[in-house]
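# Coordinate inspection notes
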Amino acid sequence: DPDNIDAYYNLGVMYVQRNNFESAITNLKKGLQRDNKSVRLYYYLGIAYIQRGDTQKAISCYETIIQQIDSLYTPAYNRLGAIFCGKGDYDKAVAYHQKATRIDPQDPESYKCLGKVNTDRGDYVKALRNYQKAVQLNDKDHETYCLIAKLYGKQNNKARETSSYKKAAKLGNKEAQSWM
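Residues numbered from 1 in each chain as written. Predicted model: local features only at pLDDT ≥ 70, side-chain atom pairs only at ≥ 80, totals over all residues. Heavy atoms only, no water.

### Re the side chain of Asn78
- One can find Asn78 in helix H5 (residues 74-86).
- Within the structure, Asn78 has its side chain in polar contact with the side chain of Ser110 (distance 3.0 Å). (Helix = DSSP H or I, 4+ residues; strand = E, 2+ residues; numbered from the N terminus. Polar contact = N/O pair within 3.5 Å; in protein donor to acceptor, adjacent residues only side chain to side chain.)

### Things to note about the packing of aromatic side chains
- According to the stated counting rule, one finds six aromatic pairs in the structure shown.
- Consider the rings of Tyr43 and Tyr73, whose centres lie 5.9 Å apart with planes at 85°: the pair is edge-to-face. Here Tyr73 lies in the loop between helix H4 (55-69) and H5 and Tyr43 lies in helix H3 (residues 39-52), a separation of 30 residues in the sequence.
- On the basis of relative accessibility, which here comes to 16%, the residue Tyr43 falls in the buried class.
- Here the basic side chain of Arg40 rests over the ring of Tyr9, its NZ or CZ set 4.3 Å away from the ring centre.
- Here the basic side chain of Lys133 rests over the ring of Tyr111, its NZ or CZ set 5.7 Å away from the ring centre. (Phe/Tyr/Trp six-rings, centres within 6.5 Å; stacked < 30°, edge-to-face > 60°. Buried < 20%, exposed > 50% of the residue type's maximum accessible area, 1.4 Å probe, protein only. Lys NZ or Arg CZ within 6 Å of the ring centre and 35° of its normal.)

### Overview of helix H9 (residues 142-154)
- The end-to-end C-alpha separation of H9 is 19 Å, in line with the 18 Å expected for 13 residues at 1.5 Å each.
- A side-chain oxygen of the first residue of H9 lies 3.2 Å from the backbone nitrogen of Glu143; this N-cap is Asp141.
- A positive phi of about 55° marks Asn156, the residue just after H9. (Expected span 1.5 Å × (residues − 1).)

### With respect to the nonpolar core
- Core analysis: the biggest nonpolar cluster contains 35 residues, and Tyr44, Leu45, Tyr62, Ile65, Ile66 and Leu80 have the highest contact counts within it.
- Put simply, the parts of the chain that give this core at least two residues each are helix H1 (5-17), helix H2 (21-34), H3, H4, H5, helix H6 (90-103) and helix H7 (108-120).
- The element contributing the most residues to this core is H3, with nine residues.
- Apart from the residues within four sequence positions on either side, Ile66 is in contact with Ser71, Tyr73, Ala76, Tyr77, Leu80 and Tyr96.
- Judged by nonpolar contacts, the second largest core, of 15 residues, contains Tyr131, Cys146, Leu151 and Tyr152. (Core = buried A, V, L, I, M, F, W, Y, C linked by side-chain atoms within 4.5 Å. Contact = heavy atoms within 4.5 Å.)

Structure, rendered in structure tokens:
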């Protein structure tokens, strides 16, 4: 069925997971030709572009989502924040993540993303505050505990680093388990 949007989406996701970005992009674009208001097609097209190394096209995908389809879609704001963090534009990254936290103050992912930006920019106090808020909202996210452990490691706080790695390991984080 050439009009089956789900098929284009699933193929796109599968090709991204197999690092076949050109096929992913082709299928996701075919899906968008049939439904140009699909948040999930644009979102995954952005992922394909990021993994291909074309951040400008990824930015365009996420901006299309928030400007034309769903201005409250926090994953798009967090992706934009991550892209700008990777470029070293921390102010822009923080602005996108903060917008996501204002839209959905109960989304731990947005606070975790803010923690990453603040860690990268060297503001460990804000980073820790953001990570703690993420853990407060979801105390089962082993990745956040691992990020907290790394932050404490940068501060040479071995006791808290170990404690955080223990929590992450207990929740199944492989990196933390091997660290232990």
